Amino acid sequence: MDKTERQINLIGLLMSSERPVLGTRIRDALYADATSAESFKRMFERDKDDLRALGIRIEIEPIGAWDEGYAIHRDEVTLPSLDLTPAEHAALMLASQAWGEGTLGPVSPRIAGMKLSAAGGADLPSPWILPHVDLRSPQLAALFDAILRRKRVTFRYRSSGAAAPEDRTVEPHALRFRSAWYLSGLDVGRGEQRLFKLDRIEGAARIAAGAKPDFERAPPAPVAWPADAEADVQARVAFTPQIAFLVEQRAGAHRDTGRGRKRADGRVDVIVPVPDAERFVRWVLGFGGDAEVIEPVSLREKTIERLRAAAERV
Amino acid sequence: MPPIASLPRLSRILVLVPWVITHADEATVDEVCRRFGISEDQLLDDLSLLVVCGLPPFSPGDMIEAWVDEGRVVINVADYLDRPLRMSRWEALGLLAAGRALAAMPALAEAQALDSALAKLAEAIAPDEADAAETLAERVAIELQPASPEILGILRDAIETLQRIRIEYYSFGRDELTEREIDPLLVFGTGPWYVIADDHKSGERRTFRVDRIRSAVPAGVTFERPAGFDPSLEADRPLYRPSAGDTSVVLELAPAAAWVAELTPHDEAKPIKGGWMRLTLRASHTAWLVRLLLQLGDQIRVVEPETLTAEVRELATAALARYKD
């Protein structure tokens, strides 16, 4: 009997039986190929492992006072009715399509949508929007597992601006996706809460040995994104109209309506928060001649200095 | 629904069988093959496997029945295979994360239904995975970049009612504001957001960034949805598609500029002396590269094309002219 055939039959036998099934009956019905008690046991254990990996648990339960048998509880392993309204079903189907080709853990999350669909209910008409969260990071599954089991992880991390990667040991607290995946947690070596970009982890993250949690459960600490840092400084920048609308979408930026006028050449003034002078100057330079820093003077000077250097670049 | 690539055979059968049973009207050979990402031969193999499966003592009445009838797949099976399995934590995580991200979108009519559906989803997860589900609800967050609700609303209407729109679009690669008419087909991304559209200016299917659309108004014309347009396949397509006329570019990045490699599609990234990195890529336009060079100053070196350095000097000189007063 082919392996998949035998496993389907095993599922059928155990799911359709009201009582646990004796090992000898399973062997007689499905493992006629097994030449010895030993080889039956080996094959049966392998099949049990394969099925468990799919979420089908085979339980060992007493039969009467003396015997033991095997059972699969259908209600526990199959998808229960979720009593979704058609709108809810459609909304979940939309969410299930939101994946790239990546896999997260052992199974593609797209299969969740297939399961919902297979439980009945109409498919959704072609969607107008698909959020497309990238699950290709090879670290995701391991890090999620470490968060779940509260295990420390160690990985080689190339921090922004560092010439060489360093080993970091982290108590992982949460995963966040913001255009890319980040891990937040306690950097054990530095004794501080840090944010790590998964793309900058080199090689595989190693989970500490042992089953016991390494740290206490705590609510995930709020994450300070570098770009969200408090800005004490505000800059006034004149933009050409073709760019101004882009800049106004930036968090915290707004058109200077106080003056309520455009410049004579059609340019508009936008007030932009400046959490970090160096980043700000670089951002402005990216607009070439479409942006002019008006004030503060210090930032205007810094920008001019950089433009002069670039104008003499060889 | 997108096809599921290379699902192991048993998992596929365990979801294919209940799907065919609950969708008897839709289950044509073509549709089943498309959904499950298999060839017709593979499907026929699966069906011939099913017909030899059944319950002991395997008399004719105990066997699964499966056949193709005038292009339709028919499966009759005792009740043990008629429901899909519960979701694993990974599957549920995928759904929860995407669902929550979507529920936070402006202009999304499904948001409310999503909220209540996500609450019910907890029931779908295996009992011994309940801890995992709770943890992921608390500790995995997807944040979407905000996009103009006004532009998104116009795009949504246009896609759903097949209205051509006229947009003002800032092309970053070329650094110019263009006006064009497009037939929008799908919005995708997580922030930045993109819209795939048939573009009447270039006569090609193009991908536009939603935040670079300055204005959008209906053009007063409807269009037909192109045959064979599959949203999920489109959203998987790389944003940059190389073409023959592209410029070959080689850059060297200081450690502090390594983020450029993370954000820019490239052919090769090779570590070189001093922690620097050599990046090889192709570009259809170079205006964005010139601005990038201006931004990064001495953190970046141009290996080729040599003309880029002169262009940076020109751009810097032009920008400096703004400051002469």
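Scroll up a little and you will see the structure.
Worth saying up front: this structure is predicted, and the values here are computed from it rather than measured.

**Q** I would appreciate a short explanation of the sheet that holds strand E9 (residues 247–253) of chain B in the present structure.
**A** Across a sheet, strands are paired by hydrogen bonds formed along the backbone, either parallel or antiparallel in direction. Residues and elements named next belong to chain B. If you walk across this open sheet you meet the four strands as E10-E11-E9-E12, and the pairing is antiparallel. The open sheet has two edge strands, strand E10 (268–271) and strand E12 (300–304), and neither has a second partner. Between one strand and the next, the sheet's axes are offset by a mean angle of 25°, whatever the strand orientation.

**Q** It is not clear to me how the packing of helix H10 (residues 297–311) of chain A against helix H11 (residues 307–322) of chain B should be interpreted in this structure. Could you clarify?
**A** The angle between the axes and the distance between the axes are what describe a pair of packed helices. Running from amino to carboxyl end, H10(A) crosses H11(B) at an angle of 145°, the nearest separation of the two axes being 8 Å. H10(A) and H11(B) meet at a crossing whose hand is left-handed. Across the interface between the two elements, Ile304(A), Leu307(A), Arg308(A), Ala310(A) and Ala311(A) from H10(A) touch Val312(B), Arg313(B), Ala316(B), Thr317(B), Ala319(B) and Leu320(B) from H11(B). Of the residues in the contact of H10(A) with H11(B), the class split is eight nonpolar, one polar and two charged.

**Q** So what exactly am I meant to see when it comes to the interface of chain B and chain A here?
**A** Think of interface size as the accessible area that goes away when the parts come together; that is how it is often given. Every contact between the two is made by 99 residues of chain B and, on the other side, 95 residues of chain A. Among the elements that take part in the side of chain B that touches chain A, helix H4 (residues 89–103) of chain B stands out by supplying eleven residues, more than any other. Split by residue class, the side of chain B that touches chain A holds 60 nonpolar, 19 polar and 20 charged. Bridge count for strand E4 (residues 129–131) of chain A against strand E5 (residues 176–189) of chain B is three bridges, and the pairing is parallel. When the sheet's bridge partners are listed, Leu130(A) is paired in E5(B) with Phe188(B).

**Q** Looking at this structure, I do not really get the packing of helix H5 (residues 86–96) of chain A against H4(B). What am I missing?
**A** Across the interface, H5(A) lies against H4(B) with an axial gap of 8 Å and an inter-helix angle of 110°. It follows that H5(A) is roughly perpendicular to H4(B) by the angle criterion. For the pair H5(A) and H4(B), contact is made by Leu92(A), Leu94(A), Ala95(A) and Ser96(A) and by Leu95(B), Ala98(B), Gly99(B) and Leu102(B), respectively. Residue composition of the contact of H5(A) with H4(B), by class: six nonpolar, two polar and no charged.

Each value, and the rule that gives it
- Residues numbered from 1 in each chain as written.
- Chains lettered and ligands numbered in written order.
- Predicted model: local features only at pLDDT ≥ 70, side-chain atom pairs only at ≥ 80, totals over all residues.
- Pairing = 2+ DSSP bridges.
- Helix = DSSP H or I, 4+ residues; strand = E, 2+ residues; numbered from the N terminus.
- Axes fitted to C-alpha atoms, helices over the stretch in contact; angles between N-to-C directions.
- Left-handed = near helix turned anticlockwise from the far one by under 90°.
- Contact = placed C-beta atoms within 7 Å.
- Nonpolar A, V, L, I, M, F, W, Y, C, P; charged D, E, K, R; others polar.
- Parallel < 35°, antiparallel > 145°, perpendicular 65-115°, else oblique.

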